[in-house]
Amino acid sequence: MAAEAAADGGAWAAVGLPQLGGLAAADAGLDLACGLAVPEPGRRWPEVLATVCEAAPVVLLGPVGQVALRTSRRIAARLRRSGTTLLTWQDWPETQLRLRVAEARWEGLGDGFGLLAGRRVRLVVAGRGAATQPRHAEVWLPGPDGSVQLIAEPAAIADADVVPLRPVTAG
């Protein structure tokens with residue numbers, strides 16, 4: 001998701017993700033020349049995050065612990081002002097959209113033999129405002145070539161409830 005969101009502007013940042021190495025970021029499609037990493041932002045992570053949001057249109061945020069509503073609102077205001085997309089794995093107060101994996105299964109293995117070809121997942125996205133009605137999509141996560149791809153099945157394409165998911169600005 002971060003690679004798709006950063007494709008237009010190119011710049012991205014990772015805050016609080018010491019486990020995100022350069023090889024993993026590059027394999028995910030992120031341009032290393034346009035990346036900024038703050039692996040350990042410390043106790044002042046809200047200030048670090050606010051500053052990084054001014055420099056990068058896409059920010060990945062690692063686990064920072066409980067987020068106070070006041071802090072969330074301040075960061076949301078900064079995100080709106082800067083037009084930054086914030087992607088985080090943890091629960092975030094008053095988030096605009098939540099994306100979750102409802103089902104997942106690996107493809108390619110037979111009865112004890114074969115190679116993993118990819119993982120099919122059913123994603124559910126729901127949120128606030130116009131996004132209160134949950135929407136679903138089946139994607140390869142990762143696909144046979146390592147990328148995230150919408151699964152184009154005739155039944156899924158005809159289903160009005162299945163839509164391609166695009167990153168959105170949080171806040």
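To start, this report covers the structure provided alongside it. It should be emphasised that the depicted structure is a prediction, and the values quoted were computed from it without experimental measurement. (Residues numbered from 1 in each chain as written. Predicted model: local features only at pLDDT ≥ 70, side-chain atom pairs only at ≥ 80, totals over all residues. Heavy atoms only, no water.)

Under the counting rule described, the total for this entry stands at 1 aromatic pair. The interplanar angle of 65° and the centroid separation of 6.2 Å between the aromatic rings of Trp45 and Trp92 together place this pair among those described as edge-to-face. Here Trp45 is found in helix α3 (residues 45-55), whereas its partner Trp92 is found in the loop between β4 (85-88) and β5 (97-109), with 47 residues between them in sequence. Its relative accessible area of 7% is what places Trp92 among the buried residues. Above the plane of the ring of Trp140 lies Arg120, whose end atom (NZ or CZ) is 5.7 Å from the centre. (Phe/Tyr/Trp six-rings, centres within 6.5 Å; stacked < 30°, edge-to-face > 60°. Helix = DSSP H or I, 4+ residues; strand = E, 2+ residues; numbered from the N terminus. Buried < 20%, exposed > 50% of the residue type's maximum accessible area, 1.4 Å probe, protein only. Lys NZ or Arg CZ within 6 Å of the ring centre and 35° of its normal.)

Before going further, it helps to spend a moment on the sheet that holds strand β7 (residues 135-140). Sheets are built from strands that pair by backbone hydrogen bonding, the pairs being arranged parallel or antiparallel. Read from one edge to the other, the open sheet built from 4 strands follows the order β5-β6-β7-β8, with strand pairing classed as antiparallel. Two strands bound the open sheet, and with one partner strand each, they are β5 and β8 (149-150). Two elements, β5 and strand β6 (residues 114-127), share 11 bridges in a ladder whose sense is antiparallel. Residue pairing in the sheet places Ala104 in a bridge with Val121 of β6. (Pairing = 2+ DSSP bridges.)

For the rest of this paragraph, the subject is the sheet that holds β4. Spatial strand order, β2-β1-β3-β4: 4 strands in an open sheet with parallel pairing. Each end of this open sheet is capped by a strand with a single partner; those strands are β2 (35-38) and β4. Along the sheet, successive strands turn relative to each other by an average axial angle of 15°, direction set aside. The pairing of strand β3 (residues 58-61) with β4 spans 4 bridges and is parallel. (Axes fitted to C-alpha atoms, helices over the stretch in contact; angles between N-to-C directions.)

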